[in-house]
Amino acid sequence: MALAHNLGFPRIGADRELKKALEAFWKGELDEAGLRQVGRELRASHWQAQKDAGIELLPVGDFAWYDQVLTHSLTFGVVPQRFQRPEGAKPTLQTLFDMARGANGTDDCCGGAHAQEMTKWFDTNYHYLVPEFSADQQFALSWEQLFEEVDEAHALGHAVKPVIIGPLTYLWLGKSKGAGFDKLELLDRLLALYDEIFNRLATQGVEWVQIDEPILVLDLPQDWKNAYERAYNILQRAPLKKLIATYFGGLEENLGLAANLPVDGLHIDLVRAPEQYPTILDRLPAYKVLSLGLVNGRNIWACDLEKAADVLRHAAERLGERLWVAPSCSLLHSPVDLAREDKLDAELQSWLAFAVQKCQEVAVLAKAVNQPEAPDVLAALARSRAVQASRAASPRIHKPAVQARVAAIKPADSQRNSAFAQRIAKQRAGLNLPAFPTTTIGSFPQTSAIRLARQAFKQGKLTLGDYTEAMHSEIRHAVKIQQDLGLDVLVHGEAERNDMVEYFAEQLDGYAFTRFGWVQSYGSRCVKPALIVGDLSRPNAMTVEWIRYAQGLTDKVMKGMLTGPVTMLMWSFAREDVSREVQARQLALAIRDEVVDLEAAGIRIVQIDEAAFREGLPLRRSAWPAYLEWATEAFRLCASGVRDETQIHTHMCYSEFNDVIESIAAMDADVITIETSRSDMELLEAFEKFDYPNEIGPGVYDIHSPRVPSKDDMVKLLTKAAQRIPAERLWVNPDCGLKTRAWPETEAALVNMVAAARTLRATLL
Ligand code: GLN
Ligand code: ZN
């Protein structure tokens, strides 16, 4: 017998109901009772949808008003002092949103308290709020949500399994604040609280609790491994059954540790790490439940049910009643319901599965073990076989011309004609820029007029001619302002782009789009990634007309603006039938053609943004070299089709470069612009240990804030940079694109930035 369960369901709602309710609440258009009502309805409908799909044990605790890690911080009373009103009081919903978004500064207590830091949840595009621990951190049960939701589900007649982040993963995700202490020292205090929580859940009639410990798939320091044994030895007294859930990778050297913890069950991710299956089967103690994550919780492709059922049947022989089946990880990372899609063609639709459909897949897999001859099982397996066959043979996916071109790539295609030293000499001669050249990262403020024009054009309410004129007028505006400001390298402003990935995806062959495939990114923010369905190619030039038009308006150098292959890949739902490396190469060839076309149109600088380069890094260090190898190669492939005189820029908006600086250098962009201002040039540490060979623009001001930086601030930052990087290799630019800003603050900041560059030319040279 196999039991179908789920690790977590997306909370945002098939119509993004939670997003809408949250935003209405924040604007004061919905009161707290109304917001809570929306939450209750969403939970009820999500439990029902999972039950209807055939899930036997439903998750509780996967709902969050903003973020599940934040909910845990409230539950444990990990509320930094700046959010306590009055000090020591229990948190409220207001506290939760203050921690998530910052206190607004209008009230007397927490005015101006800055939000908690946000960072990526493992290697997903979901962001969580980083817990802040102090050395004297106390933990106290401070938030009743989990218990209330368990009662709520029980009242609806559901069999549930509360989900809680494990104590070690929770500590790992947090940050120690203040004088040096090791957050692992907090473990014993925290365990007392887990014990209390488990005891309460048991009194509520809970049989199983799911304890998420995804850090077991990371390279863990020895003291953390030791702490695992200690922690679960203490927690084993709690009177309910515990399933430890691991996901996003394989347990590898932590496998023995995870298998032998004194708990009642273990969940493993067999989508990301199928190779761990036989070893787990051998090493799992005979009393334990094993939950197999066989349906991918992080992508949109329908599961190959026959393949999964084979594994499951094999496991059933060994495990009998102790076998469970689930998605690989929480379905938080998957869109909600494929049935909502009304514009997909039937073929593509048959290839996909969103959260609701993934629950159905899990249920049918369990049934394939329990009642192998049941007609619905046979039908589902037959359908899945047909889907796999149709994809394997579809001309929509497999394009011989693209494959042949990829196969013909030669090493020389990823090399510029000359080394940087020769290139830069020719570029300097041709571009004729001053020292400390000033530029921006590409986008200018996306005003509502721009968004309306784009929308109207998409809906057919604006003709191509009128739309083109509207965009041209934006470009003229942006060019005039840049000229008046005295910037050296101009951009066209990206008014025509909704999003730096979608804009290109829409013009490439091989991509598809959903209407409702939203996934939570953080809080109320959702993204709707494009789908890479088949081999990718570029039927027509994508940006050339806009950039050519912009260049025609000015004698200054106009920089062409593209999104790089790694970022295109990371921010899309990728294929699983070919490697990421192959998809990156296909994207690289398409972008390479665009770079070459821009050069032919007279564009002398082309920037290829790789915002997601670092976030593509695998969770395990052992997998880094392979990733970095193909990712840098893909970048070089798109950058190397041009003459030495054409200057290639890249842009990355984050500052943790220490780990990857050599690969960044290996990308061999002539100029890189990066984020540094928020970390006060901290990143330049990386440049202390490693002599970055090419030109670099360390972002001199933070575009995420409306604050206008002073000239002196920027001069200071650059003076600091000039201590590490020769002045003749420094550029002056903001740390990211300006699309989220308004024009007045943008102009004010750029006036100061240009003035800062002039001061530097006068003082540092
Ligand atoms: N060129 C893009 C812009 O300016 C870069 C965005 C990014 O790096 N996230 O908006
Ligand atoms: Zn950026």
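The rules we used
Residues numbered from 1 in each chain as written. Chains lettered and ligands numbered in written order. Predicted model: local features only at pLDDT ≥ 70, side-chain atom pairs only at ≥ 80, totals over all residues. Heavy atoms only, no water. Helix = DSSP H or I, 4+ residues; strand = E, 2+ residues; numbered from the N terminus. Rg over C-alpha atoms; globule rule 2.2 N^0.38 Å. Buried < 20%, exposed > 50% of the residue type's maximum accessible area, 1.4 Å probe, protein only. Contact = heavy atoms within 4.5 Å. Areas by Shrake-Rupley, 256 points an atom, 1.4 Å probe, with all protein chains shown as cover. Lys, Arg positive; Asp, Glu negative; His and termini not counted. Charge placed at Lys NZ, Arg CZ, Asp CG, Glu CD. UniProt positions renumbered as here; feature names shortened; annotations may be inferred. Donors = N, O, S within 2.8 Å, 3.2 Å for Na, K, Ca; no water. Pairing = 2+ DSSP bridges. Right-handed = clockwise from strand over helix to strand, strands pointing away. Expected span 1.5 Å × (residues − 1). Axes fitted to C-alpha atoms, helices over the stretch in contact; angles between N-to-C directions. Near = heavy atom within 4 Å. Nonpolar A, V, L, I, M, F, W, Y, C, P; charged D, E, K, R; others polar. Salt bridge = Lys/Arg side-chain N within 4 Å of Asp/Glu carboxyl O. 1 Å grid on protein atoms, 1.4 Å probe; cavity = no way out; pocket = protein on both sides within 12 Å on 5 of 7 lines; lining within 4 Å. Points joined across faces, edges and corners; volume = space filled by probe spheres on them.

A. Layout of the overall build of the protein chain. Within the protein chain, the regular secondary structure consists of 27 helices and 22 strands. For the protein chain, the C-alpha radius of gyration of 27 Å lies close to 27 Å, the compact-globule estimate for 765 residues. If you line up the protein chain on its principal axes, its C-alpha atoms span 75 × 65 × 50 Å. Taken over 765 residues, the protein chain has a buried fraction of 60%. In the protein chain, of all internal contacts separated by at least 6 residues, the share reaching a separation of at least 24 is 78%. In the form shown here, the protein chain has an accessible surface area of approximately 29,000 Å², with 51% of it arising from carbon and sulfur atoms. Computing the positive centroid from 84 side-chain charges and the negative centroid from 102, the protein chain places the two 2 Å apart.

B. Broad picture of the UniProt feature "binding site: 5-methyltetrahydropteroyltri-L-glutamate" (unreviewed entry) in the protein chain. Feature annotation in UniProt places "binding site: 5-methyltetrahydropteroyltri-L-glutamate" (unreviewed entry) on Arg-16, Glu-17, Leu-18, Lys-19, Lys-120, Arg-525, Cys-526, Trp-571 and Glu-615, given in this structure's numbering. For this annotated set, covering 600 residues, the C-alpha atoms extend up to 29.0 Å from each other, a dispersed arrangement in space. For Lys-19, the position within the fold is in helix 1 (residues 17-26). Among the residues examined, Lys-19 registers a relative accessible area of 14% and is labelled buried. Setting aside anything within four residues of it in sequence, one finds Lys-19 in contact with Ile-12 and Ser-524. For Trp-571, the location among the structural elements is in the loop between helix 21 (565-570) and helix 22 (580-600). Residues within four places of Trp-571 in sequence aside, it is in contact with Asn-125, Met-500, Val-501, Pro-529, Ala-530, Ala-611, Ala-612 and Glu-615.

C. Structural context of the coordination of the zinc ion (ligand 2). Within the protein, the atoms that donate to the zinc ion (ligand 2) are His-651 (NE2), Cys-653 (SG) and Cys-736 (SG), at distances of 2.0 to 2.4 Å. Judged by its relative accessible area of 3%, His-651 falls in the buried class.

D. How the structure looks around the pairing of strand 9 (residues 241-245). Most of strand 9 is tucked away, with four of its five residues classed as buried. Bridge count for strand 9 against strand 10 (residues 265-269) is three bridges, and the pairing is parallel. Counted as the bridge partner of Ile-244 is Leu-266 from strand 10. For the handedness criterion, the β-α-β arrangement of strand 9, helix 9 (residues 255-260) and strand 10 is classed as right-handed.

E. Highlighting helix 2 (residues 32-53). Here helix 2 spans 32 Å end to end across 22 residues, near enough to the 32 Å set by a 1.5 Å rise per residue. Taken residue by residue, helix 2 has Gly-34, Leu-35, Val-38, Gly-39, Leu-42, Arg-43, His-46, Trp-47, Gln-50 and Ala-53 as its buried positions. Next to the buried residues of helix 2 lie helix 1, strand 2 (58-60), helix 4 (93-101), helix 5 (145-155) and helix 13 (355-370). Count one or two residues on from helix 2 and you reach Gly-54, which has phi positive near 110°.

F. Main features of the sheet that holds strand 13 (residues 489-490). On the basis of which strands lie adjacent, the open sheet formed by six strands has the order 13-18-19-20-21-22 and parallel pairing. Two strands lie at the open edges of the sheet, namely strand 13 and strand 22 (695-698), each paired on one side alone. Sheet analysis places strand 13 next to strand 18 (residues 557-563), joined by two bridges and oriented parallel. Opposite Val-489, over in strand 18, you have Val-557 as the bridge partner. Along the sheet face, helix 22 touches strand 18, strand 19 (605-609) and strand 20 (647-652) and points at about 170° away from the line of strand 18.

G. Looking closely at the site of ligand 1. With respect to spatial proximity, 13 residues lie near ligand 1, and among them Ser-443, Glu-494, Asp-609, His-651 and Gly-737 are the closest. Taking 290 Å² as the accessible area of ligand 1 by itself, protein coverage stands at 94%. Its residues assigned to classes, the shell around ligand 1 comprises six nonpolar, four polar and three charged.

H. Examining the pattern of salt bridges more closely. Considering all chains together, one arrives at 49 salt bridges under this definition. Here Glu-306 ties to Arg-385 by a salt bridge, and the two come within 3.0 Å at their closest N and O atoms. Linking Glu-306 in helix 11 (residues 305-319) with Arg-385 in helix 14 (residues 375-393), this pair joins segments that are 79 residues apart in sequence. Residue Glu-306 is classed as partly exposed on the basis of its relative accessible area, which comes to 30%. Taking the relative accessible area as the measure of exposure, Arg-385 reaches 45% and is therefore partly exposed. Here Asp-659 ties to Arg-614 by a salt bridge, and the two come within 3.2 Å at their closest N and O atoms. Separated by 45 residues along the polypeptide, Asp-659 in the loop between strand 20 and helix 24 (661-666) and Arg-614 in the loop between strand 19 and helix 23 (624-639) bring together distant segments of the chain. By relative accessible area, Asp-659 is classed as partly exposed at 37%. Connected through shared salt-bridge partners, Asp-219, Glu-252, Glu-253 and Arg-620 make up one network.

I. Highlighting the layout of surface pockets. Taken as a whole, the second largest pocket holds about 460 Å³ of empty space. As for the second largest pocket, its lining consists of 21 residues, and the residues nearest its centre are Leu-305, Gln-360, Glu-361, Ala-380 and Arg-383. Those elements that place two or more of their residues in the lining of the second largest pocket are helix 13 and helix 14. In terms of residue class, the lining of the second largest pocket is made up of eleven nonpolar, six polar and four charged.

J. Highlighting helix 1. Leu-18, Lys-19, Ala-21, Leu-22, Ala-24 and Phe-25 are the residues of helix 1 that are buried. If you follow the buried residues of helix 1, they end up packed against helix 2 and helix 4. Just downstream of helix 1 lies Gly-28, where phi reads positive at about 85°.

K. Broad picture of the pairing of strand 6 (residues 160-165). In terms of burial, strand 6 is a largely internal element, six of the six residues being buried. Here strand 6 shows two buried faces, one formed by Val-160, Pro-162 and Ile-164 and the other by Lys-161, Val-163 and Ile-165. Where strand 2 meets strand 6, three bridges bridge the pair, whose relative direction is parallel. Residue pairing for strand 6: Pro-59 is matched across the bridge by Lys-161. Direction of pairing for strand 6 relative to strand 8 (residues 208-212): parallel, over a ladder of three bridges. Counted as the bridge partner of Val-163 is Gln-210 from strand 8.

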